[in-house]
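# Structural features, examined
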Amino acid sequence: MSIPGNLSKITSSLPASVKLIVVTKTHPVEMIKEAYSAGHRMFGENKVQELVQKEKLLPKDIQWHLIGHLQSNKVKEVAPFVNLIHSIDSMKLLKEVDKQGEKCKRVIDCLLQIYIASEESKFGLDFQEAYALLQSEEFKALYNVRIVGLMGMATNTDDSIQVRKEFKSLKVFFEKIKKEILPSPNFQPTILSMGMSSDYQMAVEEGSTMIRVGSAIFGNRSYLEG
Ligand SMILES: *Cc1c(COP(=O)(O)O)cnc(C)c1O
């Protein structure tokens, strides 16, 4: 099927409350333009360098999401324009985003990436670390970041019982922090980013409000993922 065809198939199946981030990593600008022409405006990349290059070449009304691991020394490259950083996995990184946000006179929206998979290679905080971060005085002193929710990636497995269990655990934790931690200017949790091409339907069933989908729209990526 075509890119616009795949897009409309997915969006028409989603509840109105769920946003689709079109993941464009490894795909050329021409393919992104097809999704843009079909009316899509929210795109995600997992690498800073690729994100920065594509941002320069594409229309300025695109909302760019950084979904992959972010190193502190690269924050300044995305701080001027990034719409949402899904991958905050340490206080050190969050403080750097705050610092660069201040330099750009922006408040940068971020999600805490939570480790829910039973694989070793994925980044993220565990539930306790995330809870402690949100309650810390260090976090309360930051004015140029806003935590707007959580992101998680389920284990890459055919075991749907396992995947569902992981999504459920993240949803439970999301509800817990919304209930137990008072909202403040820098803590406004509304987004639960979970679900990719292989598991987004299940993620939506389990309460996702934002899915990140690449290959179901563009086809398989032609490189070996690390
Ligand atoms: C690549 C990627 C996705 C999308 O993966 P697909 O399987 O192509 O849908 C989602 N989230 C993150 C963090 C990614 O790196």
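Note: the structure precedes this text.
My aim in this report is to walk through the structure given alongside it, one point at a time. Position numbers for residues count from 1 along each chain, tracking the sequence in the order it is written. In view of the model being predicted, local features appear only for residues whose pLDDT reaches at least 70, and side-chain atom pairs are presented and counted only at 80 or more, with totals across whole chains, interfaces and linings using the full set of residues. As a rule here, side-chain values come from all non-hydrogen atoms in the structure, and water together with hydrogens is ignored.

## Observations regarding the pattern of salt bridges
- Should a side-chain nitrogen of Lys or Arg be within 4 Å of a carboxyl oxygen of Asp or Glu, the pair is scored as a salt bridge. This model, assessed by the stated rule, comprises 14 salt bridges.
- Here Glu-175 makes a salt bridge to Lys-178, at a shortest N to O gap of 3.5 Å. Of this pair, Glu-175 and Lys-178 both sit in helix H8 (residues 160–180), three residues apart, which is roughly one turn of the helix.
- A salt bridge links Lys-176 to Glu-180; the shortest N-O distance between them is 3.3 Å. With a gap of four residues between them, Lys-176 and Glu-180 both fall in helix H8, about one helical turn apart.
- Lys-176 gets classed as partly exposed once you look at its relative accessible area, which sits at 36%.
- One network of salt bridges, in which partners are shared, links Arg-164, Lys-168, Glu-205 and Glu-206. Segments assigned H or I by DSSP are reported as helices when at least four residues long, segments assigned E as strands when at least two residues long, and all are numbered from the N terminus. Exposure classes here rest on a 1.4 Å probe applied to the protein chains alone. A residue is buried below 20% of its type maximum, exposed above 50%, and partly exposed in between.

## Overview of the site of the ligand
- Throughout this document, a residue counts as near a molecule or strand when at least one of its heavy atoms sits within 4 Å of that molecule or strand. By nearness alone, every residue bordering the ligand is listed as Val-23, Lys-25, Asn-46, Ile-67, Met-153, Met-196, Ser-197, Arg-212, Val-213, Gly-214, Ser-215 and Arg-221.
- Identification of polar contacts relies on pairs of N or O atoms within 3.5 Å, with a donor-acceptor requirement for protein atoms, meaning one able to donate a hydrogen and the other able to accept it, and with residues adjacent in sequence counted only if both atoms are side-chain atoms. Lys-25 places a side-chain nitrogen or oxygen 2.7 Å from an oxygen atom of the ligand.
- At 2.8 Å, a backbone N or O of Gly-214 approaches an oxygen atom of the ligand.
- In these tables, accessible area is a Shrake-Rupley quantity obtained with a 1.4 Å probe, and a residue counts as shielded only by the protein chains included in the view. Contact with the protein chains covers 92% of the free accessible surface of the ligand, which is 380 Å².
- Here the shell around the ligand is composed, by residue class, of five nonpolar, four polar and three charged. Each residue gets one label: Ala, Val, Leu, Ile, Met, Phe, Trp, Tyr, Cys and Pro are nonpolar, Asp, Glu, Lys and Arg are charged, and the others, such as Gly, are polar.

## Structural notes on unusual backbone geometry
- The backbone of Thr-26 shows a phi angle near 70°, a positive value even though the residue is not glycine.
- As for its position among the elements, Thr-26 is in the loop between strand S1 (19–23) and helix H2 (29–37).
- On the accessibility criterion, Thr-26 (34% relative accessible area) is partly exposed.

## With respect to the packing of aromatic side chains
- Classification of ring pairs rests on two measures: the distance between centres of Phe, Tyr or Trp rings, Trp counted by its six-membered ring, which must be within 6.5 Å, and the angle between planes, read as stacked under 30 degrees, edge-to-face over 60 and tilted in between. Considering all chains together, one arrives at two aromatic pairs under this definition.
- With a centroid separation of 6.0 Å and an interplanar angle of 40°, the aromatic rings of Phe-43 and Trp-64 are classed as tilted. Linking Phe-43 in strand S2 (residues 42–45) with Trp-64 in strand S3 (residues 63–66), this pair joins segments that are 21 residues apart in sequence.
- In this structure Phe-43 comes out as buried when scored by relative accessible area, which is 0%.
- Residue class for Trp-64 comes out buried when judged on its relative accessible area of 2%.
- Seen from their ring centres, Phe-127 and Phe-173 are 4.7 Å apart, and the 35° between their planes marks the pair as tilted. Pair noted here: Phe-127 is in helix H6 (residues 127–135) and Phe-173 is in helix H8, with a separation of 46 residues, a long-range link.
- For Phe-127, a relative accessible area of 27% gives the class partly exposed.
- We call a charge positioned above a ring when the Lys NZ or Arg CZ atom is no farther than 6 Å from the ring centre and deviates by at most 35 degrees from the ring normal. The cationic tip of Arg-41 hangs over the ring face of Tyr-36; the distance from NZ or CZ to the ring centre is 3.6 Å.

## Re the pairing of S2
- Alternating positions in S2 separate into two faces, Met-42 and Gly-44 on one and Phe-43 and Glu-45 on the other, with burial throughout.
- Orient the strands so they point away from the viewer; a crossover is then right-handed if the path from the first strand over the helix to the second runs clockwise. Remark: the S1/H2/S2 crossover connection has right-handed handedness.
- Two strands form a pair only when DSSP identifies at least two bridges running between them. For S2 and S3, the ladder comprises four bridges, and the chain directions are parallel. When the sheet's bridge partners are listed, Glu-45 is paired in S3 with Leu-66.
- In this view, the connection linking S2 to its parallel neighbour S3 by way of helix H3 (residues 48–57) has right-handed handedness.

## Focus on helix H5 (residues 91–103)
- Between the first and last residue of a helix there are one fewer steps than residues, each counted as 1.5 Å, and that sum is the expected span. For H5, with 13 residues, the first-to-last C-alpha span of 18 Å sits near the 18 Å given by 1.5 Å per residue.
- Taken together, the buried positions of H5 are occupied by Met-91, Leu-93, Leu-94, Glu-96, Val-97, Asp-98, Gln-100 and Gly-101.
- Pairs of residues are marked as contacts when any of their non-hydrogen atoms sit within 4.5 Å. The elements touched by buried residues of H5 are helix H4 (75–78), strand S4 (84–88), strand S5 (108–114), H6, helix H7 (137–140) and strand S6 (145–152).
- Lys-105 sits one or two residues past H5 and shows a positive phi near 55°.

## Some remarks on the state of the cysteines
- For this text, the term disulfide refers to a pair of cysteine sulfurs within 2.5 Å. Inspection of the entire model under this criterion finds zero disulfides.
- Among the cysteines around Cys-110, which has no disulfide bond, Cys-104 carries the closest sulfur, lying 12 Å off.
- Cys-110 sits in the buried class, given a relative accessible area of 0%.

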